Amino acid sequence: MRGYTTHKVTETNLPPRATLQANRKGLSLWAGSQAQSCLSCTVLALGQPRPMGAGAEFRRVNHQQLWQFPDFSTHKHQRKSKTSVGNFVRRGKSLVWPLPWGDNHSWLLLESRCRKLSFPTLTSPKFAEKERHLQANNKEFNEKFEYVNNVIKTSKYNFFTFLPLNLFEQFQRVANAYFLFLMFLQLIPQISSLVWYTTVIPLALVLLMTGVKDAIDDMFRHKSDKQLNNRPALVLVNGRVKEEKWMNIKVGDIIKLQNNSPVTADVLLLSSSEPCSLTYIETAALDGETNLKVKQALTVTSNLGDNLEKLTTFKGEVRCEPPNNRLDEFTGILIHENEKYALNNEKMLLRGCTIRNTDWCYGLVIYAGHDTKLMQNSGKNIFKRTSIDHLMNILVYWIFLFLAGMCFILIVGHGIWQTKNGYYFQIYLPWEEGVNSPSISTFLTFWSYIIILNTVVPISLYVSVEIIRLGNSFYINWDRKMFYIPSNTPAQACTTTLNEALGQIQYVFSDKTGTLTQNIMIFIKCSINGRSYGDIYSMTGQKIEITEKTMKVDFSYNKLADPKFSFYDKTLVEAVKKGDSMVHLFFLSLSLCHTVMSEEKVEGELVYQAQSPDEGALVTAARNFGFVFHSRTCETITVVEMGVTKVYKLLAILDFNNVRKRMSVIVQTPEGKIMLFCKGADTIIWELLHSSCTSLQDVTMEHLDEFASDGLRTLVVAFRELDEKVFQKWSRKHYEASISLENREEKLGLIYEEIEKDMMLIGATAIEDKLQDGVPETIATLTKANINIWVLTGDKQETAVNIGYSCNILTDDMNEVFIIEAKSSSMVQQELRSARSKMKPGSLLRTDPVTAFLARSEKKTFIMPEEVANGSYGLVIDGHSLAYALENMELELLRTACMCKSVICCRVTPLQKAQVVELVRKYKRVVTLAIGDGANDVSMIKAAHIGVGISGQEGMQAMLASDFSFAQFQFLQRLLLVHGRWSYIRMCKFLRYFFYKNFAFTLVHFWYGFFSGFSAQTVYDEWFIAFYNLVYTSLPVLAMSLFDQDVNDLWSLRFPELYEPGQHNLYFNKKEFVKCILHGIYSSFVLFFITYGSTYNSVQSNGKDISDYQSFALMVQTSLLVLVTVQVGLETAYWTAVNQFSIWGSLTLYFSLMFLLYSDGLCLLFPHTFTFMGTARTSLVLPRVWLTVLLTVALCVLPMITYRFLRTEFQPTKVEKVLNKIRECMKNPVPPPAQMRLRRTSSRRSAYAFAHQHGFGALITSGKNMKSRASFGL
């Protein structure tokens, strides 16, 4: 650069009056000086100028990147400058400087205020954030980046955007746009055969009804957003903690969170009330897990405590990754006092978590609002439409082509007729004003026929569809059998446009925690020293089923018992009271071998905070039977044994991990004995027992098999008394391994195995992960309906698999359950392909039809063919393997998964849930449903065709994002098999009938054109045309579509196979539509030509001619109306008073209005409006007219009746066979099968009662999480 020096443009050395403007989308440098007429008065903007000076798109510059720019301060401007400006390049009117990005299109744009220079306007920068940079307590700095605030918006519209956006969505329906086009045509008098308001009023009604419904739905979203955004939060402002609304929280704010309060935004934990600034959180809204997790602040920030002065003066600077959806990852650094500290996910509190067991904590807001990981996983609102809506759009295009074809034929005839004969009929068929040739007349006639024949797709179709959907939605809301009394929660149809899709579901994607289960763990049974406890027996030795009326064990003797705990076997309490040594040892082990934290806010009232809900249930059971875990320190555990307080010295915790599948504690008793207590998986513990336990082991195995058959979660409990010398020697080895820098975990595992041997068996525990009522029965019923159920959960693999067996999603009858838990992409592919080869040998070969099809198909266009496995299989895949599969081998995953009877995806993020749903939607021609109860299910609910929210313990987010909601999973079978099936059948019947009656109505005009000189005259009276769809035929079809049912709800649930036709869309598809058209064409042909033949050259008995136009029109329209009324009667399967009233009422209304409209009085008062004077009075008294009507109706109906009879008799469908079976059952009633609780017959036992984090035992023994506690006394 000749004559120029360079300097680095940074935030501190910009030219005078310069500012650095940075935001989350990019970085812009703006510089300026006081000079008004030289190049030093510049605006610098990083950009790529578009061609033709259309603006620039900004290129993102990392904050650390410092580019070199020319120093303009030494440049002297010359008004008539021809001075070389070095590397400056003039592009149009812009003066630019090349930037070092390596391409020819990147420039530094210099915008001058000099009089002779002008420049294009730059567009706003739109770039993805690549790094987040913020400072605590520095709003001015943080505001430069324009980070989003904490406002959450889930609504679709506001006051200004509702009308344009809603109309845009509604006019995506081809028919709506078509009717808008027709409305404009009808405003042209030269071509309009009908008045304009016949289209405007129905169209406005449709748009209004849909708009009001959408507005009401969005109002509920606005209400929810307002409630959420106005929650109170505590923010540090000017040295004081001030209450502020959530919506006003900004990045860089320091906020205070209190116990049991939800986390406001994604914050960096600074300090807390707990030792070492630990904070306990519950993440149910994020991953569905209710067990506690521990977060810990940096040491440098934990010293801040709750000192407001220190917190206010804290000026830490954070640089971290941009907003993303990875819940388990976070990378960043904290710069404080020129020192850098690494940040990871263990230092972050995410929005959606709840603070537990922590009085207070302070955090620095890193991400707010829609940048939080919860919202990044929430997915987008999409406009959902049913498959019938999509089919309707296609059929409307078909109808347009059909309509254009008919009009083309008619105008060809019109052109020929006008050329040959038109001149001679000018007195009868005069040309419109301005028409002076057959070609112009033909052109205008084409549009006239478009208007006349447009009733093949009447606007009333869409009015009726909306009414039917609304009515069927009310049935869901009013269904008392879907009302959950305990929580006073009714079922609710949040969306009224998706009802019929409920009858077409093939894939159900379900959350586990809170959806299938109740989030409640209950200690049900146990085996101690070879005796099983938990079942109760009668005096005769018969096992008694436990119900709500069964008497519970009385624990009143124990003042510290949990009143919510229930147990029914009194023999166990008696054994405790008698002092059975093994029973005491069993409960002592449960009260010592765990990582539960206790809290006593009120004297005598203990509250347990457990990392695992299983552990909480076990410790609570020991508490009620007299062995109360009271408190712990890093060195001791205090237990109240049968009213006596004892302190055990905690020597070591041998922590749990997924390989060991067990945990142990080593304690020293008050008597000085050193004891090891262990609990874990039976398959693991058996190998560690002393040889003397063989006989006890066999008996305990039998008990475990019984527990497992009931779907209970089992653990084995054992102990070992240690010699002090042996322990001291082992302790030294343990210490050396624990401080090892290399392979520490492996070394510790080997050390643990040295002492966890030769143990003595005590017994086993059985815990029920309590399912929601009716879950196994519901899943069994849905499976019979050919509905595939996939469980997508953030829970552990063992937890998910065991619930799969409990719910009968997985069964022991399966040939194999494949477990995919690989650590690399290649291993995932290998395991998926191996599973597929077992299910379908030869599927890996190129000669396999599906493999060959996929090889020649484009990825974005094909539909995955169905493949049938050679047996029954299940698939379980974890989140890491799923991530690899979704990224690199989604088709491999889909092929393997779809061949399995059931699929369980565990440890998945909310976004992965949505990706799995979208994968099935993308490559399978199926209708999907997602059901969940928490915020972590929102993205999945939005991604599916149908989203169902359950009002559970994890908040209302899922309900607010759903299309339908209710309180219990068991209601899903009624929603689908009853309401969904009925809605689908009703909608299909309605569409078939509606298209039929309108083709029969409209095509009479087509035949009439050949006998009217193709003059675009109407066959019917204009009033009949106006009233046909809106008055005469609307009520019968609406009554059928709102009340019809082939079988009642009980039969629908008893025979789930009745649901299958909807899955394959058998009742209304392109084939059925063609049948409707052909039936309509045939009926219109019969209507016209039978009537034409009966009136041709005919006279009355008095010699008067009856073949005039008005009499002919009356006969055709009467025959038509009687025909379509008979037709709707034949379609009706379930007759009600409403159906009877609508059918007979419509016929009565027709004849009443006809006599009124054709009366002499009206015709004389309004001769141009009512032209059929006396036609009804003179025509309907003739026997010929009624015979013609009867013959016409018979000829139209008899072929259809004959076809249905022959098909049902000789080639019945599967559904027709079931319906015949139901009719037989109704004639000869048999008692319904007894409702029995489904029982699992399985030898598989669960051993996963350790859902807590690995390493939590080390945290306890370190003492970092311990507070000083007052001594406990009785």
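Thresholds applied
Residues numbered from 1 in each chain as written. Predicted model: local features only at pLDDT ≥ 70, side-chain atom pairs only at ≥ 80, totals over all residues. Heavy atoms only, no water. Helix = DSSP H or I, 4+ residues; strand = E, 2+ residues; numbered from the N terminus. Contact = heavy atoms within 4.5 Å. Patch = residues over 30% accessible without salt bridge, like charges linked within 9 Å, V, L, I, M, F, W, Y side chains within 5 Å. Areas by Shrake-Rupley, 256 points an atom, 1.4 Å probe, with all protein chains shown as cover. Salt bridge = Lys/Arg side-chain N within 4 Å of Asp/Glu carboxyl O. Core = buried A, V, L, I, M, F, W, Y, C linked by side-chain atoms within 4.5 Å. Buried < 20%, exposed > 50% of the residue type's maximum accessible area, 1.4 Å probe, protein only. Pairing = 2+ DSSP bridges. Axes fitted to C-alpha atoms, helices over the stretch in contact; angles between N-to-C directions. pLDDT = per-residue confidence, 0-100. Phe/Tyr/Trp six-rings, centres within 6.5 Å; stacked < 30°, edge-to-face > 60°. Left-handed = near helix turned anticlockwise from the far one by under 90°. Nonpolar A, V, L, I, M, F, W, Y, C, P; charged D, E, K, R; others polar. Parallel < 35°, antiparallel > 145°, perpendicular 65-115°, else oblique. Polar contact = N/O pair within 3.5 Å; in protein donor to acceptor, adjacent residues only side chain to side chain.

Describing the environment of N558
- Its location among the elements puts N558 in the loop between β28 (543–544) and α12 (570–578).
- When the C-alpha positions of N558 and G643 are compared, they lie 7.8 Å apart, and in sequence the two are 85 residues distant.
- The residues touching N558, leaving out its near neighbours within four places in the chain, are R623, N624, F625, G626 and V628.

Thoughts on a nonpolar patch on the surface
- On the surface, a cluster of nonpolar side chains totalling about 570 Å² of accessible area is made up of F408, I409, V412, I416, F1010 and F1011.
- Within the fold, I416 resides in helix α9 (residues 387–420).

Brief notes about the nonpolar core
- The biggest cluster of nonpolar side chains holds 100 residues, and the ones touching the most others in it are L461 and F995.
- Of the residues forming this core, the biggest block, 18 residues, is contributed by helix α28 (residues 971–1009).
- Contacts of L461, omitting those with residues within four sequence positions, involve M392, F990, L991, F994 and F995.
- If you look at the next biggest cluster of nonpolar residues, it comprises 54 residues, including M521, V553, L560 and A610.

Digging into the sheet that holds strand β17 (residues 317–320)
- The four strands are arranged β10-β17-β18-β19 in an open sheet whose pairing can be described as antiparallel. Each edge of the open sheet carries a strand with a single partner, namely β10 (132–135) and β19 (339–343). Between one strand axis and the next, the sheet turns through 20° on average, direction left out of account.
- Across four bridges, the pairing between β17 and strand β18 (residues 332–336) is antiparallel.

A short note on the pairing of strand β41 (residues 902–906)
- Burial analysis of β41 places five of its five residues in the buried class, which makes it a mostly covered element.
- With burial as the criterion, each face of β41 is covered, one bearing S902, I904 and C906 and the other bearing V903 and C905.
- Across three bridges, the pairing between strand β38 (residues 788–792) and β41 is parallel. Paired with W790 across the strands is V903, a residue of β41.
- Relative to β41, strand β40 (residues 873–878) runs parallel, the two being bridged by five bridges.

Let's talk about the confidence of the model for the protein chain
- When the pLDDT values of the protein chain are averaged, the result is 80; 82% of them are 70 or greater.
- Every residue in residues 1245–1252 scores below 50 in pLDDT, and together they form 46 contacts with partners more than four places removed in sequence or on other chains.

Observations concerning the packing of aromatic side chains
- Under the definition given, this model contains 63 aromatic pairs.
- Ring centres of W398 and F1073 lie 6.3 Å apart, and the angle between their planes is 55°; this geometry places the pair in the tilted category. Placement of the pair is W398 in helix α9 and F1073 in helix α33 (residues 1070–1095), with a sequence separation of 675 residues.
- The exposure class of W398 is partly exposed, given its relative accessible area of 35%.
- Pairing W1007 with F1085 gives two aromatic rings, centres 5.4 Å apart and planes at 85°, and the pair type is edge-to-face. Residue W1007 is located in helix α28, and its partner F1085 is located in helix α33; the two are separated by 78 residues in the primary sequence.
- Judged by relative accessible area, which is 40%, F1085 ranks as partly exposed.
- Ring-pair connections join several aromatic residues into one group, and the members of that group are F1006, W1007, Y1008, F1010, F1011, F1014, F1085, F1088, F1089, Y1092, Y1109 and F1112.

Side note on the pattern of salt bridges
- Under the counting rule described, the total for this entry stands at 36 salt bridges.
- Here R469 ties to E500 by a salt bridge, and the two come within 2.4 Å at their closest N and O atoms. Of the two residues, R469 is situated in helix α11 (residues 460–478) and E500 in the loop between β23 (492–493) and β24 (505–510); the sequence distance between them amounts to 31 residues.
- Overall, R469 belongs to the buried group, its relative accessible area being 1%.
- Looking at E500, the relative accessible area reads 1%, which means it is buried.
- Of the charged contacts, one joins E1060 and K1214 as a salt bridge, the two residues approaching to 3.3 Å between their closest N and O atoms. On the criterion of sequence distance, the pair formed by E1060 in helix α32 (residues 1060–1063) and K1214 in helix α39 (residues 1214–1227) is long-range, its members being 154 residues apart.

Here's the deal with the packing of helix α34 (residues 1109–1131) against helix α38 (residues 1183–1210)
- Where α34 contacts α38, the axes come no closer than 9 Å and their chain directions differ by 35°. Judged by the sense of rotation from one axis to the other, the crossing of α34 with α38 is right-handed. The segment α34 lies against α38, with M1115, T1118, S1119, V1122, L1123, V1126, Q1127, L1130 and E1131 engaging V1185, T1188, V1189, T1192, V1193, C1196, V1197, M1200, I1201 and R1204.
- Of the residues assigned to the contact of α34 with α38, the class counts are 12 nonpolar, five polar and two charged.

Quick look at the packing of α28 against helix α30 (residues 1034–1043)
- The interhelical angle for the contact between α28 and α30, taken along N-to-C directions, is 160°, at an axis separation of 8 Å. Judged by the angle between their axes, α28 and α30 are roughly antiparallel. The two elements α28 and α30 cross, and the hand of that crossing is right-handed. Taking contact as the criterion, the partners of R986, K989, F990 and Y993 in α28 are, on α30, V1037, M1040, S1041, L1042 and F1043.

Examining the side chain of E1131
- Here E1131 lies in helix α34.
- Here the side chain of E1131 touches R1204 through a polar contact of 2.5 Å, side chain to side chain.
- Residues in contact with E1131, not counting those within four places in the same chain, are K989, R992, M1040, D1044 and R1204.

Some remarks on the sheet that holds strand β34 (residues 662–668)
- The sheet built from nine strands is open, its strands ordered β26-β25-β37-β36-β35-β34-β33-β32-β31 with antiparallel pairing. With one partner strand each, in any of the chains shown, β26 (531–533) and β31 (627–632) form the two edges of the open sheet. Averaged over neighbouring strand pairs, the angle between their axes works out to 30° when direction is ignored.
- In this structure, strand β32 (residues 636–641) lies alongside strand β33 (residues 644–654), joined through six bridges in antiparallel fashion. Paired with I637 across the strands is Y648, a residue of β33.
- Relative to the sheet, α12 contacts β25 (517–528) and β26, its axis offset from that of β26 by approximately 120°.

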